[in-house]
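Below, each chain spelled out in residue letters.
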Amino acid sequence: MDMRRRSVLAAGAAGAAAVLTGGAKAMAATQTATAPAASSGDVPWANASLRDLASKIGFRIGTALDPADLTTPALSAIASGQFNVYTPENEMKWEVVEPTQGNFDWTGADNLVNYARAHKAKVRGHTLCWHNQLPGWLTTAVANGAYTKTQLLDLLQQHIFTEMGRYRGKIWQWDVCNEFLTDSNPSGVNQNDWWIVNAGAEVIPLAFKWARQADPDALLFYNDYNIGGEDGSNAKFNAAVALAESLQQNSHIDGIGIQGHLDTQYGWDAQRLRRDIEAFGNMGLKVAITEADVRTFIETTDAAQTPTNGLEELAQPFEYSELLKAALAVPACISFTVWGFGDSESWVPGFFKGEGYADIYDVNLNPKAAYYAMQSDLAFAAYGAPDRNS
Ligand code: G3I
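The text that follows walks through the structure, step by step, so that each part is easy to find. Everything numeric here is computed off the predicted structure, so don't read it as measured data.

The next subject is the site of the ligand. Close to the ligand lie 16 residues; Glu89, Lys93, His126, Glu179 and Glu291 are nearest. Within the side chain of Gln259, one N or O atom sits 3.4 Å away from a nitrogen atom of the ligand. The side chain of Trp339 places a nitrogen or oxygen atom 2.9 Å from an oxygen atom of the ligand. When the ligand is considered free in solution it has 790 Å² of accessible area, and contact with the protein chains removes 53% of it. Per-class residue counts for the shell around the ligand are five nonpolar, seven polar and four charged.

For the rest of this paragraph, the subject is the state of the cysteines. Put plainly, a disulfide is one covalent bond tying together the sulfur atoms of two cysteines. Counted according to the given criterion, the structure contains zero disulfides. Looking at the unpaired Cys129, the closest cysteine sulfur is the one in Cys177, lying at 4.3 Å. The class of Cys129 is buried, set by a relative accessible area of 0%.

Further remarks concern the side chain of Asp224. Residue position: Asp224 is located in strand E5 (residues 219–224). One polar contact links Asp224 to Lys236, side chain to side chain, over a distance of 3.4 Å. In contact with Asp224, other than residues within four places in its own chain, are Glu179, Phe180, Leu181, Lys236, Gly257, Ile258 and Gln259.

Taking 1.5 Å as the rise per residue, helix H12 (residues 270–282) with 13 residues should run 18 Å; its terminal C-alpha atoms sit 19 Å apart, in good agreement. Among the structural elements, helix H11 (235–250), strand E6 (255–258), strand E8 (286–297), helix H13 (312–329) and strand E9 (333–338) are those in contact with the buried residues of H12. Of the residues that open H12, the one with a side-chain oxygen 3.1 Å from the backbone nitrogen of Gln271 is Asp269. The first or second residue beyond H12 is Gly284, which carries a positive phi of 85°.

This part is about the packing of H11 against H12. Remark: H11 packs on H12, axes separated minimally by 11 Å, with the N-to-C direction vectors making an angle of 10°. By the angle between their directions, the pair H11 and H12 is classed as roughly parallel. Contact with H11, carried on its side by Phe237, Ala240 and Val241, involves Asp276, Ala279 and Phe280 of H12 and no other residues of that element. For the contact of H11 with H12, the per-class residue count stands at five nonpolar, no polar and one charged.

Counting residues in hydrophobic clusters, the biggest one holds 102 residues, and the most contacted among them are Phe59, Ile61, Trp195, Val203, Phe280, Phe336 and Ile360. In contact with Phe280, other than residues within four places in its own chain, are Ile227, Phe237, Ala240, Val241, Ile256, Ile258, Leu285 and Val287.

Glycine aside, negative phi is the norm for most residues, and most peptide bonds take the trans geometry. Across the junction of His126 and Thr127, the peptide omega takes the value -10°, indicating a cis bond. Examined against the element boundaries, Thr127 turns out to sit in strand E3 (residues 122–129). In this model, Asn185 is joined to Pro186 through a cis peptide bond whose omega is 0°. On the secondary structure map, Pro186 appears in the loop between strand E4 (173–178) and helix H9 (194–199). Positive phi, close to 55°, is recorded for Gln305, a residue that is not glycine. Residue Gln305 is classed as buried on the basis of its relative accessible area, which comes to 8%. Positive phi, normally seen in glycine, also occurs at Leu365, with a value near 65°. Looking at where Leu365 falls in the secondary structure, it is placed in the loop between strand E10 (355–356) and helix H15 (369–383).

The rules behind these values
Residues numbered from 1 in each chain as written. Predicted model: local features only at pLDDT ≥ 70, side-chain atom pairs only at ≥ 80, totals over all residues. Heavy atoms only, no water. Near = heavy atom within 4 Å. Polar contact = N/O pair within 3.5 Å; in protein donor to acceptor, adjacent residues only side chain to side chain. Areas by Shrake-Rupley, 256 points an atom, 1.4 Å probe, with all protein chains shown as cover. Nonpolar A, V, L, I, M, F, W, Y, C, P; charged D, E, K, R; others polar. Disulfide = S-S within 2.5 Å. Buried < 20%, exposed > 50% of the residue type's maximum accessible area, 1.4 Å probe, protein only. Helix = DSSP H or I, 4+ residues; strand = E, 2+ residues; numbered from the N terminus. Contact = heavy atoms within 4.5 Å. Expected span 1.5 Å × (residues − 1). Axes fitted to C-alpha atoms, helices over the stretch in contact; angles between N-to-C directions. Parallel < 35°, antiparallel > 145°, perpendicular 65-115°, else oblique. Core = buried A, V, L, I, M, F, W, Y, C linked by side-chain atoms within 4.5 Å.

In structure tokens:
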């Protein structure tokens, strides 16, 4: 996966999110155990959780979770206190749920679904059909020519029916197909994708058709990076529109997941992200920001993930804020999920050499500037600024 180019996002919709009525008194939102204490000079919403602010406008704020987040008290307090939609970072991927053929391990996925229910949160299922994190028994057999295309499609159908069937009625949004589009210009379905090569182009519409049958109430998403607000040609957005149109005609699709993995070293077009979200909305689709994080170069000699350039500490929260404001400005966008909340747990340092500082809490689980930027964006979206007219 090449995510060196910047994904998403945008928005100069700050204004839109901030126009509003209602005075500061209305902002007495719930205090949470994880928010820092207010001083007497704080704004009234200083202790409001992200999830409570989002709830005021029918929006949801989410995070990816891994098993430790559910069982480590300090992590769980933030997960349950701040977020109300959860995505299993890895626990619903095929390699995890069926490590050997016909032997299933639902432990992690079950725990997460139960945790969500206990904390009055929803679940984004992730992900059913992706070239990555497939079980070794499957990729080895395919490499050995053990299956025809039809047999491989049968296995995928079985996988979708089994996993979606187990959680039928318990998943809000499912990422059915993930990262099928090329990063080239023009973009399109990647003909070298593992699924396209081994199962044929019909794998995408079939996966959505089977998903629809398996859980008619779940919202079915196509999820990818760089499909909204991309600087340059925005070719991948155009390819996502074409793919969604063909699924609307030949199969089924409910929504587009814009991942939102950003890096402060790259440019991106904030206004374009909002317009791209609107364009998907105008097609009758829901939109979700599904995997937001903003990485930057860090001092690798300290454990604190200190950015190498002080300006990055300003760029990082700014980009989170622009992403969120674009999402808030468009009613079709129903949720905003960060790909983990603490820098210590982030996937970034392991995948991008010398980079980190990507999350909204620091390595000691203290909220960073990005947290406060999101909190104030949500507060303005929910309540508006105090009215001076009177
Ligand atoms: O569980 C094994 C462990 O037993 C083993 O000791 C260890 C050694 O490396 O690996 C562990 O598995 C790792 C797994 O995460 C769980 O931590 C894999 O190596 C590692 O590759 C895997 O990375 C995940 C990555 O997807 C795989 O492509 C990241 O956690 C996860 O955040 C990332 O998420 C993806 C989304 O699903 C799709 N969009 C992009 C996003 C970021 O890459």
